[in-house]
Amino acid sequence: MIVLLHGWSDHSDSFKPLAAQLGKLGLQDIVPIYLGDYVSMDDDVGFEDITQAMQLAWRNAGLPLSPRSVDVVVHSTGALVVRHWMTSCFTPASNPVRRLLMLAPANFGSHLAHKGVSFLGRIVKGFKSERLFHTGARILRGLELASPFTWELARRDRLQDGNAWYGPGRVLATVLVGTDGYGGISAAANTNGSDGTVLVSTANLDPAFVRFDFASQPGKPKFEMRGANGRTAFCRMPGENHGSIACKDGGPKNALTLQLIRRALSVEDAGFDAHCSELAGFNAQHRRQQQGKAYTQGYQNTVIYVVDDQGFPVRDYFIEVFAKQAGKDKVDDRLTALVQRDVMSSVHVNQVDAASRSLKMNCDVLQAQLVRGMRPLHISVTAHPEIRDTGSVGYSTIGFNDIGSIRIDVADLGRIFMEDRTLFVHLVIKRMQTEKLVRFQKL
């Protein structure tokens, strides 16, 4: 049994071409879930509401609830819906999903989400909603880059300790995402490293996590890094955009897309590791084929969250990425300008929690300019208020020559900055107080 689940502002009818293709591939017995446009375009509806509605719809439709009894195909925001549903209503052992095919999923957000909540989004999409000018604001907040929702969801199903949600014996998840943008007037939504709607890096379900702790020893920060728990398959698909990969807009346009869809929905536990390796091979091949095209370069969605040593979010801070002159403790102005312009290509401050930022890092340029040039990367953080300005409370800059910037050596650049993925960075800094803040005087 296969269940199809659409995304934001979409409807189940749009999956009819995909359903027909699955039938031709010998994948029959398709049962779509109709959430309807109203659910995803109502400002009062959140992911938790859709999760409960999905659980009710699942039961009302008589769909199986026994472990690993159903295959699911999702598109775009549908990926967040099904992941939230699985982790809210089941355990890794009781989850009814066996195979999960994600087509252009917004697993870690979309660069367009915050625009949908804006005035322009309400004009463009709001007229299509049953409630005039509603665009599904709560859903879009969860879809925004660096959102608290995607952070928490990643902690539950990818970065957790203990039982894995994905891999042989659990959910066999495959992610396919296009690398071409839209044509015509829709091309205004395009940005490098995307399929027009989601970034390739935010589609991949295989994130990593790093933590820098400057609170105890600012000059020698504690560092830890870990990968995701479990295993998922991933492949970028040249020629496909956000719609065509799901058999919309005249798609699919890549002959390999339907083959990989079929493999994803027929793979068994014993062959899943080989399936992941095969797609990794295709992915590497596709990157070689598209080498030199700026639009398809490899980016990392680097999500930074800054807190103080008491656990409170630090929402007013500034990040600089720079390089130093070879063998000297001086900034290399030329290389730093290139890094800030071409490596750190964009920064997005999350509108729900400004302590969370998304940095789109061009790993191809970083590899060419820093790794091959054997130059480490330095990152400084200036948080406000600064204690040297207030004289009472605040932060001391993690900067160039203050208490030591974050230095990422050449040997570590390749594992910390990896193309086509999301990296969650948890940065802890110390909030300090001067002696004059509290005083006791003897009478």
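Residues numbered from 1 in each chain as written. Predicted model: local features only at pLDDT ≥ 70, side-chain atom pairs only at ≥ 80, totals over all residues. Heavy atoms only, no water.

Details of the pairing of strand S8 (residues 299-308)
Look at any regular strand and the pattern is simple: side chains alternate between the two faces of the sheet. Most of S8 sits inside the fold, with 10 of its 10 residues counted as buried. Here S8 shows a buried face lined by Tyr299, Asn301, Val303, Tyr305 and Val307 and a second buried face lined by Gln300, Thr302, Ile304, Val306 and Asp308. Pairing geometry for S8 and strand S11 (residues 356-362), over 7 bridges, is antiparallel. By the bridge assignment for S11, Gln300 is matched with Met361. When S8 meets strand S15 (residues 421-429), the two strands line up parallel, connected through 9 bridges. Within the sheet, the bridge partner assigned to Thr302 lies in S15 and is Leu423. (Buried < 20%, exposed > 50% of the residue type's maximum accessible area, 1.4 Å probe, protein only. Helix = DSSP H or I, 4+ residues; strand = E, 2+ residues; numbered from the N terminus. Pairing = 2+ DSSP bridges.)

Thoughts on a nonpolar patch on the surface
A contiguous nonpolar patch, built from Leu437, Val438 and Phe440 and spanning about 380 Å² of accessible area, is present on the exposed surface. With respect to the secondary-structure elements, Leu437 resides in the segment after strand S16 (432-433). (Patch = residues over 30% accessible without salt bridge, like charges linked within 9 Å, V, L, I, M, F, W, Y side chains within 5 Å. Areas by Shrake-Rupley, 256 points an atom, 1.4 Å probe, with all protein chains shown as cover. Salt bridge = Lys/Arg side-chain N within 4 Å of Asp/Glu carboxyl O.)

Observations regarding empty space enclosed by the protein
This structure, assessed with the given rule, holds 2 cavities of 30 Å³ or more. What the largest cavity holds in volume is close to 140 Å³. Along its surface, the largest cavity is lined by 16 residues, and Phe212, Thr302, Ile304, Ile379 and Val425 are the ones closest to its centre. Among the elements of the structure, S8, strand S9 (317-322), S11, strand S12 (377-383), strand S14 (406-408) and S15 are those that each provide at least two residues to the lining of the largest cavity. With 3 residues, S15 is the single largest residue contributor to the lining of the largest cavity. (1 Å grid on protein atoms, 1.4 Å probe; cavity = no way out; pocket = protein on both sides within 12 Å on 5 of 7 lines; lining within 4 Å. Points joined across faces, edges and corners; volume = space filled by probe spheres on them.)

In short, shape yes, function no, at least from these values alone.
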